Amino acid sequence: GGGSFSKTTQDPNIDVAGIPLYADAWRIGVSSGSPWITEHAEISRRLGKPIILGEFGVQMNRSLVYEGWLNTVINSTASGGLVWQLVYDGWKDTDGYAVSCSHDRLACDLLTSFAQLIRERDAGALAPPSTSSLHQNFPNPFNAVTVIRYDLGSANQIELGVYNEIGQKVATLFDGWRTPGRYVSLFAALGLASGVYFYSLKIAEFTETKKLIFRK
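The residue numbers shown here count from 1 along each chain, following its written sequence. In keeping with the model being predicted, local features are shown solely for residues with a pLDDT of at least 70 and side-chain atom pairs are shown and tallied solely at 80 or more, while totals for entire chains, interfaces and linings include all residues. The side-chain quantities take in all heavy atoms of the structure and omit both hydrogens and water.

Digging into the overall build of the protein chain
Within the protein chain, the secondary structure is distributed over 5 helices and 12 strands. When its C-alpha atoms are laid out on the principal axes, the protein chain stretches across 60 × 45 × 30 Å. With a 1.4 Å probe rolled over the protein chains alone, any residue whose accessible area is under 20% of its type maximum counts as buried; one over 50% counts as exposed, and the rest are partly exposed. In the protein chain, buried positions account for 42% of the 216 residues. Within the protein chain, contacts between residues separated by at least 24 positions form 63% of all contacts whose residues are at least 6 apart in sequence. In this description, accessible areas are obtained by the Shrake-Rupley approach with a 1.4 Å probe, and a residue is regarded as covered only by the protein chains that are shown. For the protein chain, the exposed area adds up to about 11300 Å²; of that, 54% sits on carbon and sulfur atoms. Per the convention used, a helix needs a DSSP run of H or I reaching at least four residues, while a strand needs a run of E reaching at least two, with both numbered from the N terminus. Only heavy atoms matter for contacts: two residues are in contact if any of them lie within 4.5 Å across the pair.

Things to note about the sheet that holds strand β10 (residues 181-188)
Read from one edge of the open sheet, 3 strands run β6-β7-β10, paired in antiparallel fashion. Two strands close off the open sheet at either side, each with one partner strand: β6 (133-134) and β10. Sheet analysis places β6 next to strand β7 (residues 145-152), joined by 2 bridges and oriented antiparallel. Within the sheet, the bridge partner assigned to Leu134 lies in β7 and is Tyr150. Strands β7 and β10 of the sheet are contacted by helix α5 (residues 105-122), whose axis makes an angle of about 160 degrees with β10. What makes two strands pair is DSSP finding at least two bridges between them. Axes, fitted as lines to C-alpha atoms, cover a helix only where it is in contact. Angles between the N-to-C directions of the axes lie from 0 to 180 degrees.

Examining the packing of aromatic side chains
Between rings of Phe, Tyr and Trp, where Trp is taken as its six-membered ring, a pair exists when centres lie within 6.5 Å; planes separated by under 30 degrees are stacked, by over 60 edge-to-face, and by other angles tilted. Scanning the entire structure with this criterion turns up 9 aromatic pairs. Note on Trp26 and Trp36: the rings are 5.5 Å apart at their centroids and 55 degrees apart in plane angle, and the pair reads as tilted. Taken together, the residues Trp26 in helix α2 (residues 23-26) and Trp36 in helix α3 (residues 33-47) connect sequence positions 10 residues apart. Between Tyr66 and Trp69, the aromatic rings sit 6.4 Å apart at their centres with planes inclined by 40 degrees, giving tilted as the arrangement. Remark: Trp69 and Tyr66 occur in helix α4 (residues 62-74); sequence separation between them is 3 residues, near one turn of the helix. What makes Tyr66 buried here is its relative accessible area of 0%. On the accessibility criterion, Trp69 (1% relative accessible area) is buried. A network of ring pairs unites the aromatic residues Tyr22, Trp26, Trp36 and Tyr97 as a single cluster. Here Arg178 stacks its cationic end above the ring of Phe174, 3.8 Å away from the centre of that ring. Consider the ring centre and the ring normal. A charge sits over the ring if Lys NZ or Arg CZ is within 6 Å of that centre and within 35 degrees of that normal.

Some words on the packing of α3 against α4
Viewed as axis vectors pointing N to C, α3 and α4 meet at an angle of 20 degrees, and their least axial separation amounts to 9 Å. Regarding the angle of α3 to α4, the classification is roughly parallel. Handedness of the α3/α4 crossing: right-handed. Counting all contacts with α3, which are made through Gly33, Ser34, Ile37 and Thr38, the residues of α4 involved are Gly68, Trp69, Thr72 and Val73. Each residue gets one of three labels, nonpolar for Ala, Val, Leu, Ile, Met, Phe, Trp, Tyr, Cys and Pro, charged for Asp, Glu, Lys and Arg, and polar for the others, Gly among them. Considered class by class, the residues forming the contact of α3 with α4 number 3 nonpolar, 5 polar and no charged. We call two directions roughly parallel when the angle between them is under 35 degrees, roughly antiparallel when it is over 145, roughly perpendicular when it lies between 65 and 115, and oblique otherwise. Throughout, a crossing is termed right-handed when the near helix is turned clockwise from the far one, and left-handed when it is turned anticlockwise from it by less than a right angle.

Laid out in structure tokens, this is it:
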């Protein structure tokens, strides 16, 4: 990782710097991924060269880990990411890092959502938010998985949760500290009954709630 990053940032014949990220193989812990991306993006920014997270992969808890890493990509100066590797039905996963949409719909939906966000950002349609807000989930109604986007105008402790019609929490999508930026979370309604649910973003004195509809 360090050698290739050093080469791509310093070689004038290479237009884009790149960093791989394989937390399992390197035994650095998946929580180290976001700081790794942020630090290398800042180095590349100072050198005046775009950077991509290419390539990256994990063997366990892909959706959760990718959500954290790609939210960092969106809210840093990194230009994008290259997942290793998308395989089709009948292809073998030879190293444990491959993503198959037929077997990991959640990870594929997440990657699709972030690809759209990166395109919007690069087209200038994703300016840093000045206020905090919660967007309507998409699709809605949904079957199995839906995308929830939210904006943070300032750094804060936040909680993003999903509740049933009688106010019982059925899922915690995020609970922790976030810096200003635009974020994405996926909600997989595994084991839940069809019906109306509510998702809520809580930030200090600010709370916003919206309705989602799950249909099996």
